[in-house]
Amino acid sequence: MSNNKLECLSVSKLYEKNGNKIWALKNLNLEVKEGEFLAIVGPSGCGKSTLLKLMASLERPTEGKILLDGKELRDPGPERAMVFQYFSLFPWCTVLENVEFGLKMLNVEEDERRERALHYIKLVGLEGFEDYYPRQLSGGMKQRVALARALAVNPEVLLMDEPFGSLDAQTRNFLQAELLKIWEEEKKTIVFVTHSIIEAVYLGDRVVLMTSRPGRVKEVFEIDIERPRDKGSSEFSRVRSEILSSLKKEVLKTISSEYSLDLKEIAEMIR
Amino acid sequence: MNARTIFVFLVFFASWELISRSLGNPIFPPPSKVFLALFDLMLPRNLGFLSAPVESGKLVPSLLNTLERVLMGFSLGSLAGFSLGILNFRFESLEKTIDPIVKILHPIPGVSWIPISFLAFGESDLAVVFPVVIATFFPMLVNTTSGMKSVEEDLILAARNLGAKGIRFYSHVLIPATLPFVISGLRISWSYSWRTSIAAEMVLSLAKGGGLGMLHLTSMYHLDVASAMAIMLTIGVTGMVLDHLVLGYLERRTLEKWEG
Ligand SMILES: Nc1ncnc2c1ncn2[C@@H]1O[C@H](COP(=O)(O)OP(=O)(O)O)[C@@H](O)[C@H]1O
Ligand SMILES: [Mg+2]
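Novice: What's the story with the overall build of chain B in this structure? I'm lost.
Specialist: The number of helices and strands found in chain B is 10 helices and 0 strands. With the C-alpha coordinates of chain B rotated into their principal frame, the extents come out at 70 × 50 × 30 Å. The 260 residues of chain B split such that 45% are buried. Accessible surface for chain B amounts to roughly 13,600 Å². Of this, 72% is attributable to carbon and sulfur atoms.

Written out as structure tokens, the structure reads:
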């Protein structure tokens, strides 16, 4: 057996809305290795969120299959916990209740539940905020709660969908470093979607670049820079611009497709 | 209530008293008479302030009759509206099917159902309860349905990701997430059902005894405007207490968690 934690085998996802058919993903193949920090970048609308939802079994692939430890996935499970871009905390629950939520659903006894929740609240640096409601917290703090909530069910895989995308630069840098620390301590496999190449290169063992819709894997970059990585180093910018130039081509395609023209049509119009 | 409100109240009552006394017309009694009528209506002994002494002491029993009917109709109607709202979320095809019917029935006021209700239930309390149920049901259904629809997709996904499913998905996620809508639905429903029950009592003669609506109408028969006004005051204050103090309290308690 391989050391693949997750495998996507020619996964396709078709959405139908008001009679429109949209292939969000088409024949996507991807492996996520055990314990790896995998970053995924791609033009917006290329199906990154869709891919994570499929990995979490919150949606079913239209074609193909997704394996976890070699077994085909069907239903959501606590071994794959998700962190959403806009936190998606339960506004009627305190921080503590939010973090306890998954454990409650797993029927963990109240004492143990509390203990584990408090442990993860402390781990993400929110000690003392247990009784706060989400609305009383800043964006960065909310995302810490969401992270603690996901970690509390002790998942093997963390699926993170642009988790720091809506935060200010300072909070973002800080949380990136925190996340790496937690990843090293907790030995999780992480699939991290971002639209920031800098973030992807800073965090990832590998960076997967997706094509514009329908999403496939365009290119995979091994990031061999030693941690802690310096975003200002020349090595960092070299890797970054390599990914960037590849992404630029994809973005151009996205823009043209937004005006419902594909590149062939444009070429014909110019001729 | 701030000092300015109290001041305006005082000025209002004082001018009313003065104008009414100078006109001396019985269809425009001064507030002092209204309050004396109110006491006479409330207290078991006839104080002699009413042109129809039979009404003396009737206020509290009438109020209780009204409350019994309205609360029964309100609970049944809101429970039914809420439940169907949940079913609408669970079965999208159900919502699509009944939506046009709901859209037509929703604007029909509860009072429009009184004649049918009378034919169906005669002099029993149900003749009042039924239109109240209807008046409560539709706002509750509409609010619950739109509340459930407006729950953020990601919130639902987050809950499912953390293992919420089956009945616990509803009890721990969907219903709490919809609570602000449910409470505002309750408040709208309450105001409809309160109005409907008073109106129904005015036109129906009920075996168990009339409520505030009937008492109100009787005082008008006797041209006892002071006691009619006293009863109107009671209707207003009771409606306000239940809406503002009971449901409003619930709303403030819930919303303070949501957004402060
Ligand atoms: N529930 C849905 N119904 C219809 N279309 C959807 C749905 N979710 C996503 N899509 C479409 O699929 C494509 C990929 O979406 P998404 O995975 O959110 O992209 P990304 O996260 O990369 O920005 C988009 O064109 C989007 O409009
Ligand atoms: Mg997305």
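Novice: Sorry, what's going on with the packing of aromatic side chains here?
Specialist: Aromatic ring pairs are described here by two measures, namely the spacing of the ring centres and the angle between the planes. Tallying each qualifying case throughout the model produces 17 aromatic pairs over all chains. Plain terms: the ring middles of Phe74 of chain B and Trp190 of chain B are 5.5 Å apart, the flat faces sit at 85 degrees to each other, and that makes the pair edge-to-face. One end of the pair, Phe74 of chain B, is in helix α3 (residues 59–90); the other, Trp190 of chain B, is in helix α8 (residues 167–203), with 116 residues separating them in the sequence. Stacked on the ring of Phe90 of chain A, the Lys or Arg Arg149 of chain A has its end atom at 4.9 Å from the ring centre.

Novice: How should I be thinking about the sheet that holds strand β8 (residues 189–193) of chain A in this particular structure?
Specialist: Whenever strands of a sheet pair, they do so through backbone hydrogen bonds, lying parallel or antiparallel. Residue and element names in this part refer to chain A. Strand order across the open sheet formed by 6 strands is β6-β7-β8-β3-β9-β10, with mixed pairing between neighbours. Each edge of the open sheet is held by one strand with a lone partner, namely β6 (80–83) and β10 (217–222). Put simply, the sheet's adjacent strands are angled 20 degrees from each other on average, direction ignored. The pairing of strand β3 (residues 37–41) with β8 spans 4 bridges and is parallel. Its bridge partner lying in β8, Phe37 is registered against Ile190. Relative to the sheet, helix α1 (residues 48–55) contacts β3, β6, β7 (157–161), β8 and β9 (206–210), its axis offset from that of β7 by approximately 155 degrees.

Novice: I'm lost on unusual backbone geometry in this one. Help?
Specialist: With the exception of glycine, the majority of residues adopt a negative phi angle, and the majority of peptide bonds are in the trans configuration. Residues and elements named next belong to chain A. With an omega dihedral of -5 degrees, the bond running from Arg213 to Pro214 counts as a cis peptide bond. Considering the arrangement of structural elements, one finds Pro214 in the loop between β9 and β10. Put simply, Arg227 and Pro228 share a cis peptide bond, and its omega is -5 degrees. Turning to its location among the elements, Pro228 is positioned in the loop between β10 and α7 (234–258). Positive phi outside glycine occurs at Phe87, with the angle close to 65 degrees. Mapped onto the secondary structure, Phe87 falls in the loop between β6 and α2 (95–105).

Novice: Is there a simple way to think about the domain arrangement of chain A in this case?
Specialist: For interface size, the figure often reported is the accessible area lost on association. Residue and element names in this part refer to chain A. Domains assigned within chain A are domain 1 (4–79 + 157–171 + 181–246) and domain 2 (89–154). When each unit is reduced to the centre of its C-alpha atoms, the spacing between domain 1 and domain 2 is 25 Å. Counting residues at the interface gives 11 residues for domain 1, matched by 13 residues for domain 2. Buried area between domain 1 and domain 2, both sides added, is near 930 Å², and the carbon and sulfur share of it is 72%. Applying the counting criterion to the domain 1 and domain 2 interface returns 0 salt bridges.

The rules we used
- Residues numbered from 1 in each chain as written.
- Chains lettered and ligands numbered in written order.
- Predicted model: local features only at pLDDT ≥ 70, side-chain atom pairs only at ≥ 80, totals over all residues.
- Heavy atoms only, no water.
- Helix = DSSP H or I, 4+ residues; strand = E, 2+ residues; numbered from the N terminus.
- Buried < 20%, exposed > 50% of the residue type's maximum accessible area, 1.4 Å probe, protein only.
- Areas by Shrake-Rupley, 256 points an atom, 1.4 Å probe, with all protein chains shown as cover.
- Phe/Tyr/Trp six-rings, centres within 6.5 Å; stacked < 30°, edge-to-face > 60°.
- Lys NZ or Arg CZ within 6 Å of the ring centre and 35° of its normal.
- Pairing = 2+ DSSP bridges.
- Axes fitted to C-alpha atoms, helices over the stretch in contact; angles between N-to-C directions.
- Contact = heavy atoms within 4.5 Å.
- Domains from an automatic or database assignment.
- Buried area = accessible area lost by both parts, 1.4 Å probe.
- Salt bridge = Lys/Arg side-chain N within 4 Å of Asp/Glu carboxyl O.

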